[in-house]
Amino acid sequence: MAARCTSSAFQMFLLVFVLSTLSFGMNMPNETLVRTWAEQLGRNIAGFDKRSLPFTTIRTFFDESTKESEVEEVNGTALILEMADQVAQMLGNKTAALKRAVKVAESAAARHNYSENIKESNLVNYYKSKDDACISVCKILEYSEKFRQGINASVSSVHIPVEIYDKDPEILNALKWSHELDKVFRENYEEDKEILWQYFGSQTGFMRSFPASKWRQTGEVDLYDVRRRPWYTQGSSSPKDMLILIDTSGSVVGQSLQLMKVAVKSILDTLGENDFVQIVQFAKEAVTVGCMKRFVQANYRNKKYLSRVVSEMKAEEMANISKGLEYAFDQFDQFENSTEAGVGAHCNKMIMLLTDGSTDNGDEVFKRRNFNRPLKNRVRVFTYAVGQNPNPVKDLKWMACANRGYFSEIPAMGAIRARVQEYVEVVARPLALKHTDYVKWTSSYSGAHGPSLVSHPGHLDQGGAGKIFVSCPKHLQPSHYVSVLSGSYRTELPLWTSVYLDSLAYLSYLAIDRLEVTGGDDYLQYRLLKDPRGLGLVVTVTLPVYNRAPSGSNQTILGVMGIDVTTEQMKRYSPVWQLGPSGYTFAINTNGYVIFHPSLKIHDDIEDTPNLDFLDIEIESEAKEKLRGDMIDGKNGVVEISSFDLSVDENYVHEERRRYFYTPIGNTTFSLGLSLPSYQKFIVKHSGPFTKANATELIKLLEEQEDRAKLLAPWKYYKSSEVTNSYNSSDVVRDLVAALQNYSQSPDTFDTEMMKQLHLDLRVSNISIKMMKDMMHVTLTSPGSADNDTANITAVFMATYGGLTTVSPKSMSSVLERYQDPWKSAYFRRALHYKQTFMFHALYTTDYQENMTSPTVMVTHSVFGSKKEEKPVAVIGAIVDHDFLLQMMNSSSKSVDSVYSCKDVDNAVCFLLDDGAFVVAANHPDYHLQIGRFLGHVDAGLMEQLYGSVYHRVEEVDYQATCVDYGNETSAAPLSFRIPSINLVFELLTVNWWNSVWTWAVVNLNVYSWFSSPPTVAASSDDQEEKICIKQRAQYYFNPNLEETNGIIYPCNENCTRDYLARRVPDTNLLFVIISPACPNCYEPASSKNLVQEPVEMALADNDLCNQTARYRRNPAKCYDFDTRETNPVCGGPLTSPVSVVLVVVATLLTVISARLS
């Protein structure tokens, strides 16, 4: 007996051992059975049409309600031509206003009598924008919804950079004559109700903007300089091919090298998307800095890379300036002989040489490589003597003067910004001498350069001979009156800036109370609002303002005039109703960069908006590349493209054929595009007017108090509506009801088509929701089945084309509130695309849903009207508990002898996955808290097998993502005296301040370096700012050619295997999967299987960036880089002079005192 027990124990042990080494997939169902289960599940879901989501019946309701209406074809060609014409008209109005302002500015400057003794008290209505103490401009401001901040539309305000001495006679004289702009600014403002910021940027550095407003400041020091803004740099000169040549020999080690690095970055800041740049360093030999071995476009991405590699430069060896110059000219020769499309500005060619001094002037190199060129093809040379130079700099000045350039000294950190941009005046000379209206529009920037696509001559200034007095820089100041010739002297060439963020509207002020103060005067108290976006993305139209000196001698510009246009103003002309939920308009410039596009993002508190190419925003394909090229070339056309479309929430992607229509926008360098999905071919055109009786009935329908909620999209149903995306549904309903109650007073302000659609939607929704509500208790199985379990549907809803979402019961409205605007909701758009499909969607999550008792799932189906032609009218849906789907899955997988089903939780795991590979349902309790997660995080081994078979994916790179910037480990800010009182010390280091108060000689004193500590490791900070970064993510989608798959998984390299089978569920977006349980003590993360899904920050490899093929682009039609009348009388600042010991001591004491006091 004992032996028998021992034998039994041994057999049991052997059985356990064998079972532990056998596959966990034994007794799994075969392919045929899984197919049967999936088909049964599909039939159960299809029964929704008759039991809970009766889309067929609701379609009939809509057809009956629109039987008197017409069905209109969506004509994309007609729509885009009309929009292009409207946008061109609107932009043309801004250009006309700009010309009026320029004419006044030039006339005012010409009449002004320059005075060396001018005082600030001589200025009229002079309001300083920087008014922290509220003693100037902030006293006269009133809140404006149009500008989203306090303004005064009667006067302008002035911003002066911190490094400019605001009592300098040059500044005060320019402020005095430019005051006359206020009148024309007001006239423009009153004539064009859409006009926004108007401003004049002076070459001396100040900016006069209208209407007056308080300046916002970011950081301790206000580093804004109008001359460095994209609209100014692009408006003041023609494009540039620039080679920056940096001396990195051993003599520049230390302070001089640091100054050079900052100076180079400052030069890069002056370049725009039409410019090309290359950086070369030289010592004994010359070499390109970084991996960009050729001239590259000065766009955001390239400049960011170049700034980084410049920071890594080191100084060593002896300098051979001739070697550096030879290498530079070699680069120009290769560049000019290149046939690569889209590379090069092919306009102003220049070398920017930075060194600490030289005894070699490179004359032999210039004779062979530059002086022998035709004069108009010569390379300009600008030289910078950097640091407190013990080395001679006379040869540097000769180089600049002999090569149509300019020589500058940069002795201290505070001199960099002012000295670096002196080259701009020189390259602007040919443009000034042409006396041309060089009208430019920027690409959108957050607040395009190429040939004019449709250009028309403008009105030329004409008049009789007259006498004026011209205001010029002192070295060109005329001493006599000059005659102005009658006749035409202007031509027009529209060009535009890049898109950027509005810089004048970062702080908003709201009048919240009117208070009485002593003396009886009242004043407005303003509350500071966080409105970092201001007016959002803007483009700017610009014109140079010329200084009208005698013909042939005046080669300077007074500055640049600009007027902003928001991208929202352009998008306002989009035919939204005909485009439908998934249609959109967009615009690009001749660099292929996006002006506006629904996928172009605005980031709070991030001003540095990157240049984004059309192919960076849309998923790239050969067909889209051709579309982009045609638009750049200013062609009209229509093309149908099969492309991947990204969902609104960026979790899904689907392939569809879209129609793209495109045409140029007249008198600009922009091209307009319009995209329509395949289903958007017809819309309902309602007959008859929207009457007072309709308005009364609509109020009644909106105010009905039955157990259903009505959510309205935050649309502008009438012209004066102030509804925004921040309004909740109740606010929108109240706003519309209030407007309808006054309908008879202003019937023309309502959008007739939108109101009639909403009226129809409300009537149909009431009938439909009542019917759906009666179906909320659903039997999951057929009558007579052994399983008669039932489950409740939590809520039913219907979202319509007219922006109405009706929810029952009312208590569940909060669930749908996040989808208040159906057109902007992923579920709505996806249901319309998959119009014959039941769509299941679980709330997306990246982690366990710890606090959720029972997850919920949304199921939807589209409704298309069938009168004459199919057209989208609504999406109906239900919110169901996870248990509902679990019951359905279990009832569909009938148990068979010796075969596991979904009810066998311990032996088989069943999943329902959606088309993006997210878990919608699971039978095992361990997975219930992971509903809505990407399968790669739930079961990486299974997802690895499904990817490449039933799932494919699109890998996307997001160039406009944001990441947390934790700061550098090393602080670039010295610790000792500069930090406590940075404003004063910064001013002590500025060029014009020293020049105006004491003498230029003091600039040679580098107080900055005397009182700066070396970089130190910064302590951890709680302040975390966002930065623009690059992220990679992937979207998964069903393989259209594969319905099912199966296989064996060998996880963790253990003696354990898992069988799996997967099958698509017919007429749904679901995949049914059954798999053996997970092997014990085996966890594999998604990252181990290269299963990318959520956005992950990625560093674009240097080689990938440097080896990118340049995309097709077009240069501006005209280049102003040469004029035979150009002279170079003053080609550099004064050479270094001795430093006064007294001044050194005084400056030192002031610096120390300011630090101690603060």
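Residues numbered from 1 in each chain as written. Predicted model: local features only at pLDDT ≥ 70, side-chain atom pairs only at ≥ 80, totals over all residues. Heavy atoms only, no water.

1. Digging into unusual backbone geometry
Note: most peptide bonds trans; most residues except glycine with negative phi. So the rule is basically this: Here a helix means four or more residues in a row that DSSP labels H or I, a strand means two or more in a row labelled E, and each is numbered from the N terminus.
Across the junction of phenylalanine 210 and proline 211, the peptide omega takes the value 0°, indicating a cis bond. Relative to the helices and strands, proline 211 resides in the loop between strand 6 (207-210) and strand 7 (212-213). For the bond running from serine 808 to proline 809, omega is 0°, close enough to zero to count as cis. Summarising the element assignment, proline 809 is placed in the loop between strand 32 (804-808) and helix 24 (813-817). A positive phi is found at alanine 917, a non-glycine position, where the angle reads about 70°. Residue position: alanine 917 is located in the loop between strand 36 (909-913) and strand 37 (919-922).

2. Some remarks on the confidence of the model for the chain
Basically, it comes down to this: pLDDT runs from 0 to 100 and stands for how confident the predictor is about each residue. Any two residues whose heavy atoms approach within 4.5 Å at even a single point are treated as in contact.
On average, the chain scores 80 in pLDDT, and the residues at 70 or more come to 79%. When pLDDT is averaged over each element of the chain, strand 27 (residues 671-676) comes out on top at 98 and strand 17 (residues 482-484) at the bottom at 29. Long-range and interchain partners of residues 448-492, a stretch whose pLDDT sits below 50, account for 144 contacts in this model, where long-range means more than four residues apart. Below pLDDT 50 for its whole length, residues 968-1021 participates in 118 contacts with residues either more than four positions away or in separate chains.

3. Quick notes on the pairing of strand 44 (residues 1071-1075)
Note the threshold: The rule is simple: take the accessible area with a 1.4 Å probe, protein chains only, and divide by the maximum for that residue type; under 20% is buried, over 50% is exposed, in between is partly exposed. Two strands pair under a simple rule: DSSP has to find at least two bridges between them.
Of all 5 residues in strand 44, 5 are buried; the element is thus mostly enclosed. Residues Leu1071, Val1073 and Ile1075 point to one face of strand 44 and Phe1072 and Ile1074 to the other, with burial holding for every one of them. Note that strand 36 and strand 44 share 5 bridges and pair antiparallel. Bridging across to strand 44, phenylalanine 911 finds its partner in valine 1073. The antiparallel hairpin formed by strand 43 (residues 1058-1064) and strand 44 contains 6 residues in its connecting segment, where aspartate 1067 sits at a positive phi of about 60°.

4. Here we look at the environment of asparagine 766
Cut-off, in case you're wondering: For this analysis, a polar contact is any N or O atom pair within 3.5 Å, provided that within protein one partner can donate a hydrogen and the other can accept it, and provided that sequence-adjacent residues contribute only side-chain to side-chain pairs.
Along the chain, the position of asparagine 766 falls in helix 23 (residues 752-774). The class for asparagine 766 is buried, based on a relative accessible area of 12%. Through-space distance from the C-alpha of asparagine 766 to that of arginine 708 is 8.9 Å; in sequence the pair is 58 residues apart. In this view, asparagine 766 contacts Leu701, Glu704, Arg708 and Lys710; residues no more than four positions away in its chain are not counted. Of the polar contacts made by the side chain of asparagine 766, one reaches the side chain of arginine 708; its length is 3.2 Å.

5. A few points about helix 20 (residues 622-632)
Turning to helix 20, its buried residues number three or more, namely Lys624, Leu627, Arg628, Gly629, Asp630, Met631 and Ile632. Elements that come into contact with the buried residues of helix 20 comprise strand 23 (584-588), helix 19 (614-617), strand 25 (637-646), strand 26 (653-664) and strand 27. One or two residues past the end of helix 20 sits glycine 634, with phi positive at roughly 75°.

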